[in-house]
Amino acid sequence: MNLEPILFENDCLKIIDQTRLPDKFIYINLPDLKSVCKAIRSLKIRGAPAIGITAAYGFFVAANALAKKKKLNTDALLSLAEKLIGLRPTAVNLSWAVKRMQDEYKKHSDDTSIEQVVDALRNKAIMIHQEEKAACEKIGESGEKLIPQPANIMTHCNAGILATGGIGTALAPVYKSMGSGKNVHVFVNETRPVGQGARLTYWELNYNKVPCTLITDNMAGWIMKSKKIDLVITGADRITANGDTANKIGTYALAILAKYHKVPFYVAAPLSTFDFKIPDGYNIMIEERDKEEITNFWNIKKKRLYKVMNPAFDVTPASLITGYITPAGIFNRIENLTY
Ligand code: MRU
């Protein structure tokens, strides 16, 4: 599994530009805050954990630049944090990572030298990345127990290596099962309008030699009826205290289809995705994205004639979720989650 969507070497941050996949596999440099913000906002890097990791490194890159100009102070970091957190509102991993970086600064702001503060921030960003990778491994180990031999799995969006920096959340049990010799096949939902399934998940599974089949989102119900699907696994962008789960638009409909067809529906996520401060899904802010994401697909010329809605995420109520695959094990109710 030698795919690294986020690289950090000698204080330089690089990412795979996911907007160029599947046609081009290229890394781009993110040398400053502006480029980090642009990359997150334009989905060059995306997926809840990967956004969090990139924001942590972006925080370091910006703080390091401020330190060089002798302008590293609480106010400058506050405005930097606000800028990063505001980029994408639904995935909680972004604010989770930025807050951890801010806390690290607070802990060290009285250190004698600015170099020590910068060192502490660098180490924290690297630690966040390593922790998220480790969480993916554990999710894989927990989730593998759910995968029969042979297995037919359905997934939505991309919750794999590209979205997490580790072996994925939803795809981690798939990779672990492959590793232990199971015959696994994945139905990959296209994931309109941006096509994370078609462009990223299919490419990533293929890259890792996992048998998979691409379907459009509106085929999912029929495939559940006409083939044997053992389980659906998706990732998550925010899971509230009662277990309601925000994930890529289309997840809610998929969960309803799974319930109707009696297919177990699992959500896989690291602890950075749980937001216990929010009681339920009604309180999650859903990102509304540019209407061009929808109209461009059809190459519509008279775009102004179209009134478009483009919520990037939806919320699946806990009642439709069979269980949560976490680094701490599998839980069918959030109240039982202990870590
Ligand atoms: O808009 P994106 O591509 O950042 O949305 C990503 C998703 O919704 C993923 O399914 C989610 O982040 C799962 S986490 C690996």
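Residues numbered from 1 in each chain as written. Predicted model: local features only at pLDDT ≥ 70, side-chain atom pairs only at ≥ 80, totals over all residues. Heavy atoms only, no water.

Participant: Please provide a residue-by-residue account of the overall build of the protein chain, values included.
Facilitator: The secondary structure content of the protein chain amounts to 11 helices and 14 strands. With respect to the principal axes defined by its C-alpha atoms, the protein chain has extents near 65 × 50 × 40 Å. Across the 339 residues of the protein chain, 55% fall into the buried class. Expressed as a percentage of contacts within the protein chain between residues at least 6 apart in sequence, the contacts between residues at least 24 apart total 75%. Entry remark: accessible area of the protein chain is about 15300 Å², with carbon and sulfur atoms responsible for 55%. (Helix = DSSP H or I, 4+ residues; strand = E, 2+ residues; numbered from the N terminus. Buried < 20%, exposed > 50% of the residue type's maximum accessible area, 1.4 Å probe, protein only. Contact = heavy atoms within 4.5 Å. Areas by Shrake-Rupley, 256 points an atom, 1.4 Å probe, with all protein chains shown as cover.)

Participant: Just give me the short version of the site of the ligand, but keep the residues and values in it.
Facilitator: Taken together, 18 residues lie near the ligand, and Arg46, Arg88, Gln196, Asp237 and Lys248 sit nearest. Residue Asp237 places a side-chain N or O atom 2.8 Å away from an oxygen atom belonging to the ligand. For the ligand, the protein covers 99% of the area, taking 410 Å² as the surface of the free molecule. Under a 2 Å grid-point criterion requiring more than half of the atoms, the pocket assigned to the ligand is the largest cavity. Secondary-structure elements contributing two or more residues to the shell around the ligand are helix 2 (48–68), helix 6 (161–164) and strand 9 (245–248). (Near = heavy atom within 4 Å. Polar contact = N/O pair within 3.5 Å; in protein donor to acceptor, adjacent residues only side chain to side chain. 1 Å grid on protein atoms, 1.4 Å probe; cavity = no way out; pocket = protein on both sides within 12 Å on 5 of 7 lines; lining within 4 Å. Sits in = over half its atoms within 2 Å of the grid points.)

Participant: Which residues make up the packing of aromatic side chains, and what are the values?
Facilitator: Working definition: an aromatic ring pair is given by the centre-to-centre distance plus the angle between the planes. On inspection of all chains with the given rule, the structure shows seven aromatic pairs. Between the aromatic rings of Phe8 and Tyr57, the centroid separation amounts to 4.3 Å while the plane-to-plane angle is 20°, which identifies the pairing as stacked. Highlighted residues: Phe8 in strand 1 (residues 6–9) and Tyr57 in helix 2, separated in sequence by 49 residues. Residues Phe8 and Tyr57 agree in their burial class; the two are buried. Measuring from centroid to centroid gives 5.9 Å for Phe274 and Phe276, while their planes differ by 25°, and the two rings are stacked. Phe274 gets classed as buried once you look at its relative accessible area, which sits at 8%. The partly exposed category is assigned to Phe276, whose relative accessible area is 39%. Ring-pair connections join several aromatic residues into one group, and the members of that group are Phe25, Tyr27, Trp203 and Tyr207. (Phe/Tyr/Trp six-rings, centres within 6.5 Å; stacked < 30°, edge-to-face > 60°.)

Participant: Describe the layout of surface pockets, with residues and values.
Facilitator: What the largest pocket holds in volume is close to 330 Å³. Where the lining of the largest pocket is concerned, the elements lending two or more residues are helix 8 (196–207) and helix 11 (292–295). Per-class residue counts for the lining of the largest pocket are five nonpolar, two polar and eight charged. When its volume is computed, the second largest pocket comes out at roughly 240 Å³. Lining the second largest pocket are 11 residues, and of these Trp96, Leu271, Ser272, Phe274 and Lys277 lie nearest its centre. Here the lining of the second largest pocket is composed, by residue class, of six nonpolar, two polar and three charged. (Points joined across faces, edges and corners; volume = space filled by probe spheres on them. Nonpolar A, V, L, I, M, F, W, Y, C, P; charged D, E, K, R; others polar.)

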